[in-house]
Amino acid sequence: MLLFFILGLLVHFVFFGSIFDIYFTSPLVHGMTPQFTPLSPPAKRLVLFVADGLRADTLYEFDENGNTRAPFIRNIIMHEGSWGISHTRVPTESRPGHVALIAGFYEDVSAVAKGWKENPVGFDSLVNESKYTWSWGSPDILTMFAKGVGGDHIYTYSYDAESEDFGAHDVTKLDTWVFDNVKEFFHAARNNQSLFSKVNEEKIVFFLHLLGIDTNGHAHRPTSREYKDNVKVVDDGIKEIVSMLEHFYGNDGKTAFIFTSDHGMTDWGFHGAGHPSETLTPFVSWGAGIKYPQKVSAQKFDDAFLKEWKLENWKRQDIHQADVAPLMASLIGVPFPLNSVGILPIDYLNNTDLFKAESMFTNAMQILEQFKVKMTQKKEATLPFFFTPFKLLSESKQLNILRKARSYIKQRKYDEAKPSHLLPCCFIAVSVLVAFFLLIQDCPWTYYVYCLLPMPIWYAVLREFQVIQDFVLSLLTFPPSQLVGYLFVFTLGIEVLVLSFFYRYMLTAGLIAFACWPFITQLWTRAKSISLSWIFFSLLLAVFPLMPVVGRKPDIFLVMGAGLLVLLLSLCVVTSLIRRKDRFINEELLLHLFQMLSIVLSMCVVYTTHDSLLKKQGLPLFNQIISWITLASSFLLPLLSPTSLFERLFSILLSSMSAYLLLSTGYEALFPLVLSCLMFVWIQVEQETLQQLSVSYKQKVTSLQFTYNPDITQFRQIYLDDVRRAFFLVFFLVTAFFGTGNIASVNSFDLASVYCFLTVFSPFMMGALMMWKILIPFVLVMCAFEAVQLTTQLSSKSLFLMVLIISDIMALHFFFLVKDYGSWLDIGTSISQYVIVMSMTIVLVFLNGLAHLLTTKKLELCGKPKSHLI
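1. Remarks on the overall build of the protein
Phase 1 of the analysis: Looking only at helices and strands, the protein has 32 helices and 8 strands in total.
Phase 2 of the analysis: In the protein, which comprises 870 residues, the share counted as buried stands at 52%.
Phase 3 of the analysis: Put simply, the protein shows about 39,800 Å² of open surface, and 64% of that area lies on carbon and sulfur atoms.

So, in structure tokens, the structure goes:
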């Protein structure tokens, strides 16, 4: 049995990792020949301004007084350059956005494992192809283009990561720091001959990354005064930098300027998905090689933006974000980035038709190089009779297209069985054939794992053919209508669980069905009070999936209300314990009072922190210290409580709520409280339903001890109703995950949740705190199920097998629904859904151990407890 258990875990680990190898292998290729336009470029130098997180409408629209927020950029649009909207692709995050702008390709899917912090694979970029590049801004962005690049031609200047503080009084300093350092750089260049000669070279780039707008958007929302005023700060800074550069270079007319953004932002301060507020970013270019403004009487766009922005008479030229990279390469005459898929927007170029045609030809050759390398790699790793070339781009057609294009340029036409010895021998023979087939195709080693691992699994299954046969015969003993009914209900339950990953309201439907369940059993006639409690809390919990995703509508008063309800419940419970127990020792009473005090402190910290941040006074140090102490103590305080079932579960609830309040911003603070009440009722319900099966063992819940270790020989046999219990567990676990939002994507989280602990941007620490917030409801469910196993004498091994079957059936759905395209929200959600289901059995073992520790272990601080009475 142990061997099969280990083999089962191995299978799930392999399938767990398989999607990343199958779906999320980088499509980038290497070994292409650099392509560049043979003609002289119009510009010697390029200045790239990227206002992180800037929405197009915020820049172009007028404020409430009828004035433009960016008068300098507005003047450029009307008198000096060209403008439009840059259409970004999902994921609308900082790393993919900057990669698209500077490298010309939309972030490859292998970055899902590393996010935007570092390069998933090596790639070429405009920065790498330039002779020199100087960049200023956030360390998170600048370093990813300098990492792994050979030579010493890339220079980065960044502030400390601690400066990216969402709770800071004025985050526009992130942008003024960049502008001030650029000014100091050019002032120093006048007195440094070596530096002066470098900045006067050709094919150089100056990159200014401006993070203030994005930070203000996250901290205050894009509709805030802080966000909009930051646009004016950026506009003034750009005006000063442009004036300084023109003076430094003597107005030689050889500088090209580009101003854009990596992504936009939703009204609630998030980005990553595909909402127009996230994908529509401004794009303005002027200077050497860029067309001057073109006045028109009509435009091809049918949206209302032009009229709202009062730009109907100035030609708007929209581009795709990846098209910016070939445009910049064309302007300064460097090779197009090797991995770029961008198409040169020739309507922005102010140059001869010959230059445009040569640039487009170079662009096509550069993209074709990637196709040829990819085709060669595929051909070498595939058997000849299995390889089918892409007919529209066969080698002969490639040559024909290139020959025609070159000819048109020269002509100046610029416009066109059972167990036996036989069974293992058969499986060995099949395995050898599969391995040989993979070997001659030069397949990666992971393919051997995927193809050969099922062999021992199916061998083990067929060896137990008699068990399978007995199982089928036992199913046939049920009346056909009853069997079909059970299968229908089971299938319907599985589909509800699957659909709940996409539509949260399916959890509401499931909980309503749970509320109706007592009426179709004997529970309603046997225990009306317990049934009414079950119905009430099931319906109350069913409200949460209908609420907006956490973070969209924060409400600090709901957090305060949740804390008051916990205190009120605590007073009732402590009073009840004092009256009911003959012996209630001082240590137990002090522990409960201390946990109630911890709830009060959490409420005070949440309220004062919220008030301090609103006043832009930052996170108070005292609040931060109390928050971390509360979080640490929440792991230890339950271990000091008595091991009686009711008191230990109540102590776990109080400690969990003190930490959860600190991590809450709205209605979700009520969720663990309602969930725990339902779990307490569930324990009573399961003990009552067990009596319908004529099980002799029954002990009052109030008298049970978690330290009670029953003899495993007395574990009862599995009944059909135990499948329902396993389903209830899986459903409650899914509800714990998705009850207040879609935890499958970081885009669903509000950073304000961790502001009681820290406000300085720290992705790993913030992620750990958010993960603990997710796990708290999960732990509450598992601790409750510890009690269910105890009251019903259910074997945890049997439970594990049933949950394994349910989760594997769900996993089959999500295995075929994994996406490797679309936004990080779509991709991340599909991965997370698959990972959650596949992890369920693995994490269940871990959390079952954690729940067992929290419920059974007892810490003695002062030796044996005293026995005197209160």
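2. Regarding the pattern of salt bridges
Phase 1 of the analysis: A full pass over the atoms with the stated rule returns 19 salt bridges.
Phase 2 of the analysis: Lys-372 is the partner of Glu-369 in a salt bridge, and the nearest nitrogen-oxygen pair spans 3.8 Å. Of this pair, Glu-369 and Lys-372 both sit in helix α14 (residues 353-380), 3 residues apart, roughly one helical turn.
Phase 3 of the analysis: Linked by salt bridges that have partners in common, Glu-686, Asp-722, Arg-724 and Arg-725 make up one network.

3. With respect to a nonpolar patch on the surface
Phase 1 of the analysis: On the surface, a nonpolar cluster with roughly 660 Å² of combined accessible area is contributed by Phe-385, Phe-386, Phe-436, Phe-437, Leu-439 and Ile-440.
Phase 2 of the analysis: Structurally, the position occupied by Phe-436 is in helix α16 (residues 422-440).
Phase 3 of the analysis: In this structure Phe-436 comes out as exposed when scored by relative accessible area, which is 51%.

4. Topic: unusual backbone geometry
Phase 1 of the analysis: Omega for the bond connecting Val-90 with Pro-91 falls within 30 degrees of zero, at 5°, which places this linkage in the cis form.
Phase 2 of the analysis: As for its position among the elements, Pro-91 is in the loop between β2 (81-87) and α4 (94-103).
Phase 3 of the analysis: Despite not being glycine, Arg-221 has its phi angle at roughly 80°, a positive value.
Phase 4 of the analysis: Mapped onto the elements, Arg-221 comes out in the loop between α9 (212-220) and α10 (225-248).
Phase 5 of the analysis: By relative accessible area, which is 18% here, Arg-221 ends up buried.
Phase 6 of the analysis: Positive phi, close to 60°, is recorded for Lys-310, a residue that is not glycine.

5. Concerning the sheet that holds strand β3 (residues 132-137)
Phase 1 of the analysis: Sheet architecture is open: 8 strands sit in the order β4-β3-β5-β1-β6-β7-β2-β8, paired in mixed fashion. The outermost strands of the open sheet, each flanked by one partner alone, are β4 (154-158) and β8 (319-320).
Phase 2 of the analysis: Judged from the 7 bridges that link them, strand β1 (residues 45-51) and strand β5 (residues 204-210) form a sheet pairing that is parallel. Considered in β5, the bridge of Leu-48 is made with Phe-207.

6. Comments concerning the packing of helix α3 (residues 71-79) against α10
Phase 1 of the analysis: Two elements in contact, α3 and α10, have axes whose closest approach is 7 Å; the angle formed by their N-to-C orientations is 60°. As the angle between them shows, α3 and α10 are arranged oblique. Seen from α3, the contacting residues are Pro-71, Phe-72 and Ile-73; seen from α10, they are Lys-232, Asp-235, Ile-238, Lys-239 and Val-242.
Phase 2 of the analysis: Its residues placed into classes, the contact of α3 with α10 shows 5 nonpolar, no polar and 3 charged.

7. Thoughts on the pairing of β1
Phase 1 of the analysis: Burial runs high along β1: 7 of the 7 residues are buried.
Phase 2 of the analysis: Judged by which residues are buried, β1 turns out to be covered on both faces: Arg-45, Val-47, Phe-49 and Ala-51 on one side and Leu-46, Leu-48 and Val-50 on the other are all buried.
Phase 3 of the analysis: Sheet topology note: the β1/strand β6 (residues 255-260) ladder contains 6 bridges and is parallel. Across the sheet, residue Val-47 finds its bridge partner in β6, namely Phe-257.

8. What about empty space enclosed by the protein?
Phase 1 of the analysis: The volume enclosed by the second largest cavity comes to roughly 90 Å³.
Phase 2 of the analysis: In terms of lining, the second largest cavity is formed by Leu-649, Ile-652, Leu-653, Ser-676, Met-679, Phe-680, Ile-683, Leu-780, Cys-783 and Ala-784.
Phase 3 of the analysis: For the lining of the second largest cavity, the secondary-structure elements that each account for two or more residues are α27 (645-662), α28 (671-690) and α30 (763-792).
Phase 4 of the analysis: For the lining of the second largest cavity, the leading source of residues is α28, giving 4 residues.

9. Focus: the nonpolar core
Phase 1 of the analysis: Core analysis: the biggest nonpolar cluster contains 121 residues, and Trp-534, Trp-682, Leu-729, Phe-732 and Met-810 have the highest contact counts within it.
Phase 2 of the analysis: In terms of residues, this core owes the most to one element, α30, which gives 17 residues.
Phase 3 of the analysis: Apart from the residues lying within four places of it in its own chain, the contact partners of Met-810 are Ile-494, Leu-497, Val-498, Phe-501, Val-730 and Val-837.
Phase 4 of the analysis: Core analysis: the second largest hydrophobic core is formed by 53 residues, Ile-73, Ile-85, Tyr-159 and Leu-280 among them.

10. Points about the confidence of the model for the protein
Phase 1 of the analysis: Of the residues in the protein, 89% reach a pLDDT of 70 or more, and the chain-wide mean stands at 84.
Phase 2 of the analysis: β6 holds the highest mean pLDDT among the elements of the protein, 98, whereas helix α19 (residues 465-475) holds the lowest, 70.
Phase 3 of the analysis: In this model residues 863-870 is a low-confidence stretch, pLDDT under 50, and it forms 12 contacts with partners more than four residues away in sequence or in other chains.

11. Details of helix α21 (residues 505-516)
Phase 1 of the analysis: If you check α21, its first and last C-alpha atoms are 17 Å apart, about what 12 residues at 1.5 Å a residue would give, namely 16 Å.
Phase 2 of the analysis: Restricting attention to buried positions, one finds in α21 the residues Met-506, Leu-507, Thr-508, Gly-510, Leu-511, Phe-514 and Ala-515.
Phase 3 of the analysis: The secondary structure elements touched by the buried residues of α21 are α20 (480-500), α23 (528-541) and α29 (720-738).

12. Notes on the packing of helix α7 (residues 173-189) against α10
Phase 1 of the analysis: Packing of α7 against α10 leaves a shortest axis separation of 10 Å and a crossing angle of 10°. The angle between α7 and α10 places the two elements in the roughly parallel class. Taken together, the residues of α10 that come into contact with α7 (itself represented by Asp-175, Thr-176, Phe-179, Val-182, Lys-183, Phe-186 and Ala-189) are Asn-230, Val-233, Val-234, Gly-237, Ile-238, Glu-240, Ile-241, Met-244, Leu-245 and Phe-248.

13. Observations regarding the pairing of β6
Phase 1 of the analysis: Across the 6 residues that make up β6, a large majority, 6, are buried.
Phase 2 of the analysis: The alternating pattern of β6 places Thr-255, Phe-257 and Phe-259 on one face and Ala-256, Ile-258 and Thr-260 on the opposite face, and all of these are buried.
Phase 3 of the analysis: Pairing analysis gives 5 bridges linking β6 to strand β7 (residues 280-287), with the strands arranged antiparallel. Following the sheet pairing, Ile-258 is matched in β7 by Ser-285.

Conventions we followed
Residues numbered from 1 in each chain as written. Predicted model: local features only at pLDDT ≥ 70, side-chain atom pairs only at ≥ 80, totals over all residues. Heavy atoms only, no water. Helix = DSSP H or I, 4+ residues; strand = E, 2+ residues; numbered from the N terminus. Buried < 20%, exposed > 50% of the residue type's maximum accessible area, 1.4 Å probe, protein only. Areas by Shrake-Rupley, 256 points an atom, 1.4 Å probe, with all protein chains shown as cover. Salt bridge = Lys/Arg side-chain N within 4 Å of Asp/Glu carboxyl O. Patch = residues over 30% accessible without salt bridge, like charges linked within 9 Å, V, L, I, M, F, W, Y side chains within 5 Å. Pairing = 2+ DSSP bridges. Axes fitted to C-alpha atoms, helices over the stretch in contact; angles between N-to-C directions. Parallel < 35°, antiparallel > 145°, perpendicular 65-115°, else oblique. Contact = heavy atoms within 4.5 Å. Nonpolar A, V, L, I, M, F, W, Y, C, P; charged D, E, K, R; others polar. 1 Å grid on protein atoms, 1.4 Å probe; cavity = no way out; pocket = protein on both sides within 12 Å on 5 of 7 lines; lining within 4 Å. Points joined across faces, edges and corners; volume = space filled by probe spheres on them. Core = buried A, V, L, I, M, F, W, Y, C linked by side-chain atoms within 4.5 Å. pLDDT = per-residue confidence, 0-100. Expected span 1.5 Å × (residues − 1).

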